[in-house]
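# Inside the fold
Residues per chain, in single letters:
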Amino acid sequence: MAKKQNKTYAVVATKPVYSGKVKKADGTKAKNGTKVQYADGRCETLLNPSGKGRKYAAELSQKAHVTNTGDLKVDKGGKVQRLTDTQAAWRGGYLQAQKDAAAAYKSTHGGKKSGRTKSDKGGF
């Protein structure tokens, strides 16, 4: 049996990825993650936790899979990949855990009690 080699890829360039709509308290755009280009030409978008939360919120509102760049995922036949009930539950749980962690931090360190509301539409 052939031995599997672990490949490491040299990072050629990185660039921050910003949300188009969501802004921080000081009015600047919120950072979603980092776009990474590798030496072999591949380009990937790596999300930070807040970017992952925005992606999950977009997936739940659209009830379909979304790429890290905000586009809908399609299968080989060209059909949009829909979320199953289990996948939607995991994403909802992740978002709730983020809200709980933020509330715990705010209660310990002070700050506003209310975060984003349902009327705030963020995302990609």
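Higher on the page you've got the structure.
Quick notes on the rules
Residues numbered from 1 in each chain as written. Predicted model: local features only at pLDDT ≥ 70, side-chain atom pairs only at ≥ 80, totals over all residues. Heavy atoms only, no water. Axes fitted to C-alpha atoms, helices over the stretch in contact; angles between N-to-C directions. Helix = DSSP H or I, 4+ residues; strand = E, 2+ residues; numbered from the N terminus. Parallel < 35°, antiparallel > 145°, perpendicular 65-115°, else oblique. Left-handed = near helix turned anticlockwise from the far one by under 90°. Contact = heavy atoms within 4.5 Å. Nonpolar A, V, L, I, M, F, W, Y, C, P; charged D, E, K, R; others polar. Phe/Tyr/Trp six-rings, centres within 6.5 Å; stacked < 30°, edge-to-face > 60°. Lys NZ or Arg CZ within 6 Å of the ring centre and 35° of its normal. Pairing = 2+ DSSP bridges. Buried < 20%, exposed > 50% of the residue type's maximum accessible area, 1.4 Å probe, protein only.

## Describing the packing of helix α1 (residues 49-62) against helix α2 (residues 85-109)
Closest axis-to-axis distance for the α1/α2 pair is 10 Å, and the angle between their directions is 135°. One finds that α1 runs oblique with respect to α2. Regarding α1 and α2, the two cross each other, and that crossing is left-handed. When α1 is examined against α2, the residues Pro-49, Ser-50, Lys-52, Gly-53, Tyr-56, Ala-57, Glu-59 and Leu-60 are found in contact with a partner set consisting of Ala-88, Arg-91, Gly-92, Tyr-94, Leu-95 and Gln-98. Classifying every residue of the contact of α1 with α2 by side-chain character gives 7 nonpolar, 4 polar and 3 charged.

## A few points about the packing of aromatic side chains
Counting across every chain of the model gives 1 aromatic pair. Looking at Arg-91, its charged tip hangs above the ring of Tyr-56, at a distance of 5.0 Å from the centre.

## Overview of the pairing of strand β3 (residues 43-47)
Pairing of strand β2 (residues 29-38) with β3, which is carried by 5 bridges, proceeds in the antiparallel orientation. Looking at the pairing, Thr-34 lines up with Leu-46 of β3. Here β2 folds back onto β3, and the loop between the two strands holds 4 residues, one of which, Gly-41, carries a positive phi near 100°.

## Concerning the side chain of Thr-45
Among the structural elements, Thr-45 can be located in strand β3. Since its relative accessible area comes to 10%, Thr-45 is described here as buried.

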